Structure formats: C-alpha cells, structure tokens
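Each chain is listed here by its residues.
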Amino acid sequence: VIFKESKEPSILVAREIAHLIKLKKERNETCVLGLATGSSPIGVYQELVKLHREEGLSFSNVITFNLDEYYPMERSNMQSYHYFMHDHLFNHVDIPPENINIPDGKVSPGNLKAYCIEYENKIKDLGGLDFQLLGIGRTGHIGFNEPGSHLNSRTRSITLDHITRVDAAPDFLGIDNVPRKAITMGIGTVMDAKRIILLGWGNNKAEILRKTIESSINSEVPATYLQEHNNTTFILDEGASSEL
Ligand code: GLP
C-alpha cells in the first residue's frame, strides 16, 4: 500500500495495533507484539502513546518482544534498542515492565546460545506473535537478519553487514564505535507471526524495496521471504515506492 507521506499510514498502523490489543482484552487474552526499532516505526509509537493518553488505550494485557539488540550493548547506553524502546514507547504507556522482552546485549558469550533458545521458547510458549512490526535495512535485513540468513533461522547472534554498520555510524559517532554483532530473532521467528506490517519510508529504501518485492525469494535479500507470508502488508511512502 502506497501513501504520499509516512504520517497518515503510521496513524493507521497504530490504530490496527490498538484494535488488536482491545479485541484481545475483551477476550481476556494477552496480545503478543513483535516490535522494531529504527526511525521507521517512530510515528507508530507516537500515535500509540497518544491513544494511551487521550483515549485510555491500556497496554496491561500486552507482551512485547523486540526483534533485536546490538551485541555487546549496555541497556543504559543511548544507542541501545533497550533505551530506544523505553524512550519512544514503554516509558509513556502502562505496560507491566515484566511484559517487556528485548534481547539482552549483556548476556555472557558462554550463555548466548542458551539465552537465544530461551527467548525463542518464550515466544512459542505464548502461542507466537500476534503481530510483528518491521522496518527494512538497506541490505534487505529484517530485524538484523543479514544477507545469507535462512528461512528457518531462529533467534541467534549474527555478524552485522558492513552497510548496516555504515548506516548506524552517525548514531554511534563513527563506524568504529558500531558493534560488530547483534542478537536477532530469526526469519523463521518473524514468519511465524500471524500478521506482519513492514514500513518503508524515503528514497534511500527504494532500491532494496524493489528487490524485496520484485525479485524471486533469495537469502541474499532476506526480506524477500515475506513474499511467502500469508498476512503481510508493505506500507510505503512515495519515495520508498519510487522504483517499483
Ligand atoms: C536497524 C534495525 C532494523 C531496522 C533498520 C532500518 O538495522 N535492526 O530492525 O529495520 O535499522 O532502520 P530505519 O527504520 O531507521 O531505516
């Protein structure tokens, strides 16, 4: 779906999420949300905060799982996804702190594998993700599933692509400060979500979105796997869709 600018669709996506949260609440069920970082979802989070403040949308039945985190990374670091999510959403709504799951950038290397399996099992035990919000990186990554990631990949540690580190460099005041690794949900984890929305804004995403939507499914552009998902919508602005 193509919109002129990102503002209007961000509001619509937030409303879809709010509708799901309320529906689940009426049924006395938890709502399991997969959340993303980066600039793309910020408008959605702003609208969710607004719906909480102005319309009383409650997050008391919401359990969240973030896609990824840099590794290693301190929670308190301003570049951490932990910091980002609290700054843009969690600090402003009534989600119980114990319902927030973000990969831990401080887990020891020896415990990393077991930690990732545990993260994955936690999602599975809740019946999977009801909704997954995604952005896309210029390498075609979703979460931090860089080129070469397989369809059946699960939560794991990954080495970041050079382009991803270049794109993150301004946030870290130089590429030398960008971590080389990350923890990310796998493609398989994302593909199990019941509903997926990918947001793409601006001209610098146009080329990778053309490849994602128009090339055949291949591990060199991991986002192409979404073509096989039965309930995914790509929401783009004019710039991001300019090469389709
Ligand atoms: C990071 C995140 C991705 C995100 C991407 C794009 O790499 N790990 O989940 O989709 O950035 O970021 P932006 O939305 O700022 O373009």
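Residues numbered from 1 in each chain as written. Predicted model: local features only at pLDDT ≥ 70, side-chain atom pairs only at ≥ 80, totals over all residues.

Observations concerning the site of the ligand
Not every one of the 13 residues close to the ligand is listed here, only the nearest: Gly38, Ser39, Ser40, Gly135 and Gly137. Considering only residue class, the shell around the ligand consists of four nonpolar, eight polar and one charged. (Near = placed C-beta within 6 Å. Nonpolar A, V, L, I, M, F, W, Y, C, P; charged D, E, K, R; others polar.)

Topic: unusual backbone geometry
For the bond from Tyr71 to Pro72, the omega torsion is -5°, close enough to zero to count as cis. Inspection of the secondary structure assignment puts Pro72 in the loop between β4 (68–71) and α3 (81–88). Unlike most non-glycine residues, Leu173 shows phi in positive territory, near 55°. Here Leu173 shows up in the loop between α5 (162–168) and β8 (181–184). On the basis of neighbour counts, which here come to 10 C-beta atoms within 10 Å, the residue Leu173 falls in the exposed class. (Helix = DSSP H or I, 4+ residues; strand = E, 2+ residues; numbered from the N terminus. Buried ≥ 20, exposed ≤ 12 C-beta atoms within 10 Å, placed from the backbone.)

Some points on helix α2 (residues 42–55)
The first and last C-alpha atoms of α2 sit 19 Å apart over 14 residues, in line with the 20 Å expected at 1.5 Å per residue. Taken together, the buried positions of α2 are occupied by Gly43, Val44, Tyr45, Glu47, Leu48 and Leu51. Elements that come into contact with the buried residues of α2 comprise α1 (7–26), α3 and β6 (131–134). One or two positions beyond α2, positive phi appears at Gly56, with a value near 70°. (Expected span 1.5 Å × (residues − 1). Contact = placed C-beta atoms within 7 Å.)

With respect to the UniProt feature "active site" (unreviewed entry) in the protein chain
Under the feature "active site" (unreviewed entry), the UniProt entry names Asp68, His141 and Glu146. Spanning 79 residues, the named residues nonetheless gather at one spot, since no C-alpha pair among them exceeds 12.1 Å. Relative to the assigned elements, His141 resides in the loop between β6 and β7 (156–159). Owing to 28 C-beta atoms within 10 Å, His141 belongs among the buried residues under this scheme. Look past the residues within four positions of His141 in its chain and what remains in contact with it is Glu146, Thr164 and Pro222. For Glu146, the position within the fold is in the loop between β6 and β7. (UniProt positions renumbered as here; feature names shortened; annotations may be inferred.)

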